[in-house]
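Okay, here's what each chain looks like letter by letter:
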Amino acid sequence: NLGLLIRNNLAKFWRYNGSLTNPPCTQGVTWTVFTRPVEIYDANIQLFRQNVFAHNFRDPQPLKDRRVLRSFRRPGSWA
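This structure is a prediction, so every number in the text was calculated from the model and none was measured. By convention here, each chain's residues receive numbers from 1 onward along its written sequence. Totals for whole chains, interfaces and linings use all residues, but because this is a predicted model, local features are given only for residues with pLDDT of at least 70 and pairs of side-chain atoms are given and counted only at 80 or more. Hydrogen atoms and water are omitted, and side-chain values are computed over all heavy atoms in the structure.

> What's the story with the layout of surface pockets in this structure? I'm lost.
To find leftover empty space, a probe the size of one water molecule is rolled over the atoms. Think of a 1 Å grid over the protein atoms and nothing else: a 1.4 Å probe that fits but is trapped marks a cavity, an open set flanked by protein within 12 Å on at least five of seven lines marks a pocket, and residues with an atom within 4 Å of a point count as lining. Grid points are joined across faces, edges and corners, and a volume is the space filled by probe spheres set on the points. In this structure, the second largest pocket occupies an estimated 280 Å³ of space. Counting from the N terminus, the helices are the DSSP runs of H or I reaching at least four residues and the strands are the DSSP runs of E reaching at least two. Looking at the lining of the second largest pocket, the element that brings in the most residues is strand S1 (residues 13–19), giving three residues. Think of it as three bins: nonpolar holds Ala, Val, Leu, Ile, Met, Phe, Trp, Tyr, Cys and Pro, charged holds Asp, Glu, Lys and Arg, and polar takes everything else, Gly as well. In terms of residue class, the lining of the second largest pocket is made up of four nonpolar, five polar and three charged.

> Teacher, can you tell me more about the confidence of the model for the protein here?
The predicted coordinates should not be examined in detail at positions where pLDDT is low. The predictor rates its confidence in each residue with pLDDT, a number between 0 and 100. Taken residue by residue, the protein gives an average pLDDT of 81. The fraction at 70 or more is 85%. Looking at the elements of the protein, mean pLDDT is at its lowest for helix H1 (residues 2–6), recorded as 72, and at its highest for strand S3 (residues 69–70), recorded as 92.

> Would you mind going over the pairing of S1 with me for this structure?
Moving residue by residue along a regular strand, the side chains alternate between the two faces of the sheet. Between any two strands, at least two bridges found by DSSP are needed for them to pair. The sheet contact formed by S1 and strand S2 (residues 27–34) spans seven bridges and is antiparallel. Its bridge partner being in S2, Arg15 is matched across the sheet by Thr32. For S1 and S3, the ladder comprises two bridges, and the chain directions are antiparallel. Its bridge partner being in S3, Trp14 is matched across the sheet by Arg70.

> Mind showing me how you'd approach the sheet that holds S1 here?
In any sheet, the strands associate via hydrogen bonds between backbone groups, in a parallel or an antiparallel arrangement. An order of S2-S1-S3 is seen for the three strands of this open sheet, with the pairing classed as antiparallel. Since the sheet does not close on itself, it has two edges, and those belong to S2 and S3, each with one partner.

> Just checking my understanding: could you explain the packing of aromatic side chains for this structure?
Two aromatic rings, taken as a pair, are described by how far apart their centres are and by the angle between their planes. Between rings of Phe, Tyr and Trp, where Trp is taken as its six-membered ring, a pair exists when centres lie within 6.5 Å; planes separated by under 30 degrees are stacked, by over 60 edge-to-face, and by other angles tilted. One pass over the structure, following the stated rule, counts two aromatic pairs. Residues Phe13 and Phe34 carry aromatic rings whose centres are separated by 6.2 Å and whose planes lie at 70 degrees to one another, so their mutual orientation is edge-to-face. One end of the pair, Phe13, is in strand S1; the other, Phe34, is in strand S2, and 21 residues separate them in sequence. Taking relative accessible area as the criterion, Phe34 reaches 21% and is therefore assigned partly exposed. Seen from their ring centres, Trp14 and Phe72 are 5.4 Å apart, and the 80 degrees between their planes marks the pair as edge-to-face. Of the two residues, Trp14 is situated in strand S1 and Phe72 in the segment after S3; the sequence distance between them amounts to 58 residues. Each residue is assigned to one of three classes by its accessible area relative to the maximum for its type, calculated with a 1.4 Å probe on protein chains only: buried under 20%, partly exposed between the two thresholds, exposed over 50%.

> Sorry, what's going on with the environment of Gln27 here?
Inspection of the secondary structure puts Gln27 in strand S2. In this structure Gln27 comes out as exposed when scored by relative accessible area, which is 60%. Taking C-alpha positions, Gln27 is 8.1 Å from Asn17, a pair spaced ten residues apart along the chain. For this analysis, residues touch if any pair of their heavy atoms sits within 4.5 Å. Other than its neighbours up to four places away in sequence, Gln27 contacts Gly18 and Ser19.

Structure (structure tokens):
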């Protein structure tokens, strides 16, 4: 259950549109990166790798015109 992993870590994050990192590398994925790491056990990572995917097949892609949004203000600003 993803909600159990995230818990109270919902307030601060970055979000951007991208694609899958393994074939077929389909566009249309909304990535969310939290400011605080989500901690999970090694055994859960192994299950995830066995049941979902094992490797990333793409290097990081150029930002180009993609917008990265944040859910919080920059320190020391009103923006």
